Amino acid sequence: MAEPSRASLSAPVAARGAARGAVLALAVLAACGRVGPVPPAASLGPSLPAAAEDSCGAGPRARLVGQPATALERELILAPVRLIRPGQAVTEEFRPTRINFHIDGAERIARITCG
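Residues numbered from 1 in each chain as written. Predicted model: local features only at pLDDT ≥ 70, side-chain atom pairs only at ≥ 80, totals over all residues. Heavy atoms only, no water.

Turning our eyes to something else, we now look at the pattern of salt bridges. Overall, the coordinates contain 3 salt bridges when judged by the stated rule. A salt bridge links glutamate 93 to arginine 98, with the nearest nitrogen and oxygen atoms 3.1 Å apart. Relative accessible area serves as the criterion here: at 5%, arginine 98 is assigned to the buried category. (Salt bridge = Lys/Arg side-chain N within 4 Å of Asp/Glu carboxyl O. Buried < 20%, exposed > 50% of the residue type's maximum accessible area, 1.4 Å probe, protein only.)

Shown next, in the form of structure tokens:
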């Protein structure tokens, strides 16, 4: 009985490797979470989280609401920060210590949230 050639053995191995690579790529993409557009800042509710929900220290930054987004350049924030503009897609993972600055269409800070 003749032995199978190396070429005939490597084709199934290569196909399995490609399939595993595709599955791995899909798993990595799925782990990123869903993304979607952010509604306009005016429809998002209060401009600061309630005191009991302020896990990121947004309260002391209340003075920034209504200021130009460039005011953030002069702030020392030793926590994760995310700027969210109208229509921008953002991930939905919740990080309680992250400060989210919602920027309106006029490039002003409309709202500050945790997450």
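There's more to say after this.
Judged by nonpolar contacts, the single largest core of 13 residues is most densely connected at Leu64, Ile99, Phe101, Ile109 and Ile112. Of all the elements in the fold, those that place two or more residues in this core are strand S4 (99-103) and strand S5 (109-114). (Core = buried A, V, L, I, M, F, W, Y, C linked by side-chain atoms within 4.5 Å. Helix = DSSP H or I, 4+ residues; strand = E, 2+ residues; numbered from the N terminus.)

Spatial strand order, S2-S4-S5: 3 strands in an open sheet with mixed pairing. Looking along the sheet, the strands with just one partner apiece sit at the ends: strand S2 (81-84) and S5. Geometrically, the sheet is characterised by an average inter-axis angle of 20° between neighbouring strands, direction not taken into account. Direction of pairing for S2 relative to S4: parallel, over a ladder of 4 bridges. Across the sheet, valine 81 pairs through a bridge with isoleucine 99, a residue of S4. (Pairing = 2+ DSSP bridges. Axes fitted to C-alpha atoms, helices over the stretch in contact; angles between N-to-C directions.)

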